[in-house]
Amino acid sequence: MRVNKLATQFRSFSSYLLGSASSSQQQLRRNDSSGNWVQFARFATTSTSDGGGSSQSDVMDVLQMRDFIMKVCGATQVYSEHVSQREQLRSLLRDSQDDLEARTISDSAATVTVPLSNPLFRERYLNTNGTIRYGQLLEQLDSFAVHISYQHNSPTLSADGRSPYSMVTAMVDELILRNNNHIDTTCDIKMHGHVSWVGKSSLEITMYMSQHEKMFLETKFLMVARDASGSKSAVVHPLKLTSDADRKMFESGAARKLLYQIETAKESLFSTPPTVDEMNLVHYMFLQTLSSTSKSFSSRILPEHSAWMDSTKMKNAIVCFPQSRNVHNKVFGGFIMRMALELGWANAYSFTKKRPIPRAIDDIVFHAPVNIGALLLMSSQVCVVDPPYYLVRVRAEISNAKTGELTTSNVFHFTFESTPDEDPAEAEKIVPFVYPKTYGESMLYLDGRRRLAKQILRFKEEMEDI
C-alpha cells in the first residue's frame, strides 16, 4: 500500500537525520520580507510546541540555516552590485570525482525547523484565514536544498570556511501535498532532507516536511553545481552507497533523470502532435460550443456552468528588488516559486469563489536566471477542470525594459482542489468547466489534461491504500 509504504520510508529515513546542534538562545535581529527590523526569539530548549517529537536544541532553525549558507558562500549581509570576489576559490575544485572524497547519504542528512511556535516568526507564514502560506514553505525548501548541497560538499572548503561551489536549483521534480489541510500554524514544522543521487556536477535532494511526526509534503530538487564565479559547471563529491537501500535510491534517481528526458522529448506538444483521441476530444468540445440554430463555425456559445479559457487569466508584474536576492545576487528561486503559487492561488480563488487547497505542483524547470532589477511578468490561466480538481498554469517571463523582449524563466502547473463544505459530491457546482476557443488554447488544455490525469490517478491510488 503506497501511503503505508511512504510512512515506513519516512520513519526509516529519520534515522539518517543528523540535525546541527545549537547552543545559542540569544535574541537575534533579522530582516523580514517587508524590510522591517524585528526581533526573532530563538526558542532552543524552552520551546513547548515542537511539532516534531524532538528537542529543538538538537535541530537547526531556518534562520541558522540562512546564516550557514551566507557564511559558506562568503556572501555579504547587505546588497552590492558586485558579488565578492571568489575567483581564488577555483583552485579548490577538481576535474575528476576520483580526486574527491566520497560522501554517504547520512553525511548530507539534515533536519531544519520552521519555528511557527514563535509568534514573532509565525505571521509571515499565515494566510488571512489563519491557514499556512504554502508559498513561504516553498521558499524554505529551496534554501534547504541549497543547504544540503553544501553539506554534501563540505570537505571542499577554503581556510576561512568558504565553498568554491555555487549551487543553483535546476528543477523541482514534482511536489506532493497530503493531509495538508490540517497543518497547525502554532506548532513547528520540520524539514528533513538528504542527497539521494549524484551525477558529475548535479545532485538530487530528497526532502520531506512533517508536523507531529506526520509527513505532509514530499519533493525532490535537482541542484546544479557551478564554479565560484558561476560561469561553468563544477565537479561535485561522489556518493558512497553503503547499503542495498542506498543503491536502490541511487538507481531510482538515475532512472528519474532519464525518464524526465524521454518524456520531455516524447510528450511535449511543442514537438509532438496530439493523439487521435485527443484531437477527437478537441473537436467534440468545439462542437459543444456551436449554436444549434446557426450553421456557422464562427458562431460560438458557452455551455452552461462553463467559462472560456481566455476569461480565466490573471496577471502580475514584479519588480525584482535586492531583498529578493540569493547569495549569488540573482533573484532567489524560492521567491519566484512563492510568487507564482500565490498568483495561481488567487486565480483559483477568483475562478471558483471558494478557497482552493493546493494538492500538487508539477515539475518546475528553471530556464533562465533572473537578475536583480529585472521586471518579472507572471500570467496565470485555468487550463483544465475535473471536479473537484483543476490545474492552473503560471508562466514567468523576464521583460527587457529597453527592447521589450520576453524570456521565459519558468512555467508552473499547480493542482488545486475546491470542495463544497456541505456536500463534496456537489463539487461540479462550484468548479466551472473551461473551454478553449483557439488551437493554442486547445494545446494548453490537452497539456494540462495530461498533467491533471496523472495527479488524479495518484490521488485515487492513495485513497485506495488508506
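As the structure is a computational prediction, the values presented were derived from the model and not from experiment.

**Student:** Quick question: what am I supposed to make of the overall build of the protein chain here?
**Tutor:** Across its full length, the protein chain carries 9 helices and 16 strands. Burial statistics for the protein chain: of 466 residues in total, 52% are counted as buried. Just so you have it, the protein chain exposes about 22400 Å², and 52% of that area is on carbon and sulfur atoms.

**Student:** Help me understand the side chain of Thr-104, please; the structure alone is not making it clear to me.
**Tutor:** Looking at the secondary structure, you find Thr-104 in the loop between helix H2 (62-73) and helix H3 (105-108). Under the relative-accessibility criterion, Thr-104 is labelled buried at 16%. Here the side chain of Thr-104 touches Ser-106 through a polar contact of 3.0 Å, side chain to side chain.

**Student:** Explain the environment of Leu-406 here, please?
**Tutor:** Within the secondary structure layout, Leu-406 lies in strand S15 (residues 406-417). Take Leu-406: its relative accessible area is 42%, and that puts it in the partly exposed class. Between the C-alpha atom of Leu-406 and that of Leu-376, which follows or precedes it by 30 residues, the distance is 9.4 Å. In contact with Leu-406, other than residues within four places in its own chain, are Leu-377, Glu-397, Ile-398 and Ser-399.

**Student:** Before we go on, may I ask you to explain the packing of H2 against helix H5 (residues 134-152) in this structure?
**Tutor:** If you want to describe how two helices pack, look at the angle between their axes and the distance between the axes. In the contact formed by H2 and H5, the axes pass within 10 Å of each other and the chain directions differ by 50 degrees. Relative to H5, the element H2 lies oblique. For the element pair H2 and H5, the recorded crossing hand is left-handed. Residues Val-62, Met-65, Phe-68, Ile-69, Val-72 and Cys-73 of H2 pack against Gln-140, Ser-143, Phe-144, Val-146, His-147, Tyr-150 and Gln-151 of H5.

**Student:** What exactly am I supposed to notice about the pattern of salt bridges here?
**Tutor:** Think of it this way: side chains of opposite charge can pair up when their charged atoms draw near. Taken as a whole and assessed by the stated rule, the structure comprises 16 salt bridges. Glu-218 is the partner of Arg-178 in a salt bridge, and the nearest nitrogen-oxygen pair spans 2.7 Å. Residue Arg-178 is found in the loop between strand S5 (166-177) and strand S6 (189-198), and its partner Glu-218 is found in strand S8 (residues 214-226); the two are separated by 40 residues along the sequence. Judged by relative accessible area, which is 13%, Glu-218 ranks as buried. Between Glu-462 and Arg-458 there is a salt bridge, and its shortest N-O distance comes to 3.0 Å. Taken together, the residues Glu-462 and Arg-458, both in helix H9 (residues 439-465) and 4 residues apart, mark about one turn of the helix. A relative accessible area of 5% places Glu-462 in the buried class.

**Student:** Could you clarify how one ought to interpret the environment of Phe-351 in this entry?
**Tutor:** Considering the arrangement of structural elements, one finds Phe-351 in helix H8 (residues 333-352). Judged by relative accessible area, which is 10%, Phe-351 ranks as buried. Setting aside anything within four residues of it in sequence, one finds Phe-351 in contact with Ala-307, Thr-312, Val-382, Val-385, Val-431, Pro-432 and Val-434.

**Student:** What should I look at first to understand the side chain of Gln-140 in this one?
**Tutor:** By secondary structure assignment, the location of Gln-140 is in helix H5. Within polar-contact distance, the side chain of Gln-140 engages the side chain of Tyr-125 at 2.7 Å.

**Student:** Which parts of the structure should I look at to understand the packing of aromatic side chains?
**Tutor:** How two aromatic rings sit relative to each other is given by the distance of their centres and the angle of their planes. Under the defined criterion, the tally for this structure stands at 8 aromatic pairs. The interplanar angle of 55 degrees and the centroid separation of 6.1 Å between the aromatic rings of Phe-351 and Tyr-390 together place this pair among those described as tilted. Pair noted here: Phe-351 is in helix H8 and Tyr-390 is in strand S14 (residues 389-399), with a separation of 39 residues, a long-range link. Comparing Phe-351 with Tyr-390, the two get one shared label, buried. Judged by centre distance (6.4 Å) and plane angle (50 degrees), the ring pair of Phe-414 and Phe-416 falls under tilted. On the basis of relative accessibility, which here comes to 1%, the residue Phe-414 falls in the buried class. The exposure class of Phe-416 is buried, given its relative accessible area of 0%.

**Student:** What am I meant to see in the confidence of the model for the protein chain here?
**Tutor:** In low-pLDDT regions, the fine details of the predicted coordinates are not to be read closely. Taken over all residues, the pLDDT of the protein chain has a mean of 83, while the share at 70 or more is 81%. Across residues 15-49 the pLDDT falls below 50, and counting only partners more than four positions away or on other chains, this stretch makes 81 contacts in the model. Taken as a whole, residues 52-57 scores under 50 in pLDDT and shows 18 contacts with residues more than four places along the chain or in a different chain.

**Student:** Please clarify how the pairing of strand S7 (residues 202-211) should be interpreted in this entry.
**Tutor:** Counted residue by residue, S7 has 10 buried out of 10 residues, so it is predominantly covered. Of the two faces of S7, the one lined by Ser-202, Glu-204, Thr-206, Tyr-208 and Ser-210 and the one lined by Leu-203, Ile-205, Met-207, Met-209 and Gln-211 are each fully buried. In this structure, S6 lies alongside S7, joined through 8 bridges in antiparallel fashion. Looking across to S7, one finds that Met-191 is bridged to Met-209. Counted between consecutive antiparallel strands, the loop separating S6 from S7 contains 3 residues. Where S7 meets S8, 10 bridges bridge the pair, whose relative direction is antiparallel. Among the inter-strand pairings, Thr-206 is bridged to a residue of S8, identified as Lys-220. The antiparallel pairing of S7 with S8 creates a hairpin that spans 2 residues between the two strands, and His-212 there sits at a positive phi of about 55 degrees.

Thresholds applied
- Along each chain, numbering runs from 1 in the same order as the chain's sequence is written.
- Where totals are concerned, whole chains, interfaces and linings use all residues; where local detail is concerned, this predicted model gives features only for residues with pLDDT of at least 70, and gives and counts side-chain atom pairs only at 80 or more.
- Side-chain measures here rest on the full set of heavy atoms in the structure, leaving out hydrogens and waters.
- In DSSP terms, a helix is any run of H or I states spanning at least four residues, a strand is any run of E spanning at least two, and both are numbered starting from the N terminus.
- Type-normalised accessible area, obtained with a 1.4 Å probe on protein chains alone, sets the label of each residue: buried when under 20%, exposed when over 50%, and partly exposed for intermediate values.
- Note on areas: Shrake-Rupley with a 1.4 Å probe; residue coverage comes only from the protein chains shown.
- Residues adjacent in sequence count toward polar contacts only when both atoms are side-chain atoms; beyond that, a polar contact is any pair of N or O atoms within 3.5 Å, and within protein one must be able to donate a hydrogen and the other to accept it.
- A contact between two residues is defined here by any heavy atoms of the two lying within 4.5 Å.
- Between N-to-C directions, angles span 0 to 180 degrees; the directions come from axes that are lines fitted to C-alpha atoms, helices contributing only their stretch in contact.
- Roughly parallel means an angle under 35 degrees; roughly antiparallel, over 145; roughly perpendicular, 65 to 115; everything else is oblique.
- By convention, the crossing between two helices is left-handed when the near helix turns anticlockwise from the far helix through less than a right angle, and right-handed when the turn is clockwise.
- A carboxyl oxygen of Asp or Glu within 4 Å of a side-chain nitrogen of Lys or Arg is what we treat as a salt bridge.
- In summary, the pairing rule links any two rings of Phe, Tyr or Trp, Trp by its six-membered ring, whose centres are within 6.5 Å, and it sorts them by plane angle into stacked for under 30 degrees, edge-to-face for over 60 and tilted for everything else.
- The quantity known as pLDDT measures the predictor's confidence residue by residue, on a range of 0 to 100.
- Two strands are said to pair when DSSP picks up at least two bridges between them.

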